[in-house]
Amino acid sequence: MKNVIYKCFIGVAFVFALSGCTNQNTQETVSKITTTQTIKDRGIIRIGVKGDTYKFGYKDPNTGIIDGFDVDVAKALAKKILGNEKKLQTVAVTTASREPMLNNDELDYVIATFTITEERKKILNFSNPYFIDSGIGMMVKKDSNIFSIKDLDNKKVGVAANT
């Protein structure tokens, strides 16, 4: 388990290496980048995590505390940068809110499900993925005669919004 957490931490730490990178060399772009020093000066790191994904980032409705694997990775990052995992502020994000919150400087990082696309790479820096196979599959009625993705041609399919 320690090896998995270490690999996850290395992936997240990769974000630090990229945090000084930008596609444009303008002062305006450089000034919007949150640096490790900015976080140290503030004394708190703000990390967006899902609040509705059990075992990864789930906000307990009774306590309001977000817990899970992504939160554990965020704690390790807080400890690495600030020397104390308690200097972490986790913020529940949604698929729709995570990118705007990063762009508006409400968050320093997002540690959550986030598909890496060429379009997103133009405006965001990504670490190496630390979790790839979520075991997502499809479910159909047993008597549907659907056995593969190809069998879904011209069929209505339900998926989660913004996925």
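Model, not experiment: these values are computed from the prediction.

On to the overall build of the chain, then. Scanning the chain from terminus to terminus reveals 6 helices and 6 strands. Ordered by position from N to C terminus, the α and β elements of the chain give α-α-α-β-β-β-β-α-β-α-β-α. Partitioning the contacts of the chain with sequence separation of at least 6, the portion at a separation of at least 24 is 57%. Per element, the accessible surface of the chain, about 11,600 Å² overall, is 53% carbon and sulfur.

It is worth spelling out the pattern of salt bridges at this point. This model, assessed by the stated rule, comprises 6 salt bridges. Between aspartate 105 and arginine 46 there is a salt bridge; the shortest N-O distance is 3.4 Å. With aspartate 105 in the loop between α5 (98-103) and β6 (109-110) and arginine 46 in strand β1 (residues 45-50), this pair connects stretches of sequence that are 59 residues apart. The class for arginine 46 is buried, based on a relative accessible area of 13%. The residue arginine 46 makes a salt bridge to aspartate 108 at a minimum N-O spacing of 3.0 Å. Placement of arginine 46 in strand β1 and of aspartate 108 in the loop between α5 and β6 is noted, with a sequence separation of 62 residues between them. If you follow the salt bridges from partner to partner, you end up with Arg42, Arg46, Asp105 and Asp108 in one network.

Once that is clear, we can look at the sheet that holds β1. The 3 strands are arranged β5-β1-β6 in an open sheet whose pairing can be described as parallel. Lying at the two open borders of the sheet, with one neighbouring strand each, are β5 (88-93) and β6. Of the strand pairs in this sheet, β1 and β6 are connected by 2 bridges, and their pairing is parallel. Bridging from a neighbouring strand, isoleucine 47 pairs with tyrosine 109 of β6. Where helix α4 (residues 69-82) meets the sheet, its contacts fall on β1, β5 and β6, and the angle it forms with β1 comes to roughly 170°.

With phi around 80°, lysine 55 is a residue other than glycine that occupies positive phi space. Along the chain, lysine 55 falls in the loop between β2 (52-53) and β3 (57-59).

The biggest cluster of nonpolar side chains holds 16 residues, and the ones touching the most others in it are Ile45, Ile47, Leu77 and Ile111. At the level of secondary structure, the elements contributing two or more residues to this core comprise β1 and α4. Tallying contributions element by element places α4 first for this core, with 8 residues. Residues within four places of isoleucine 45 in sequence aside, it is in contact with Ile39, Leu77, Ala78, Ile81, Leu82, Lys87, Leu88, Gln89, Asp108 and Tyr109.

It is worth spelling out α4 at this point. With 14 residues, α4 extends 20 Å from end C-alpha to end C-alpha; this agrees with the ideal 20 Å at 1.5 Å per step. Once α4 finishes, glycine 83 follows within two positions and takes phi at roughly 80°, a positive value.

Turning our attention to the confidence of the model for the chain. Here the chain shows a mean pLDDT of 80. Residues at 70 or above account for 75%. Scored below 50 in pLDDT, residues 1-31 makes 36 contacts in the model with residues more than four places away or belonging to other chains.

Calculation notes
Residues numbered from 1 in each chain as written. Predicted model: local features only at pLDDT ≥ 70, side-chain atom pairs only at ≥ 80, totals over all residues. Heavy atoms only, no water. Helix = DSSP H or I, 4+ residues; strand = E, 2+ residues; numbered from the N terminus. Contact = heavy atoms within 4.5 Å. Areas by Shrake-Rupley, 256 points an atom, 1.4 Å probe, with all protein chains shown as cover. Salt bridge = Lys/Arg side-chain N within 4 Å of Asp/Glu carboxyl O. Buried < 20%, exposed > 50% of the residue type's maximum accessible area, 1.4 Å probe, protein only. Pairing = 2+ DSSP bridges. Axes fitted to C-alpha atoms, helices over the stretch in contact; angles between N-to-C directions. Core = buried A, V, L, I, M, F, W, Y, C linked by side-chain atoms within 4.5 Å. Expected span 1.5 Å × (residues − 1). pLDDT = per-residue confidence, 0-100.

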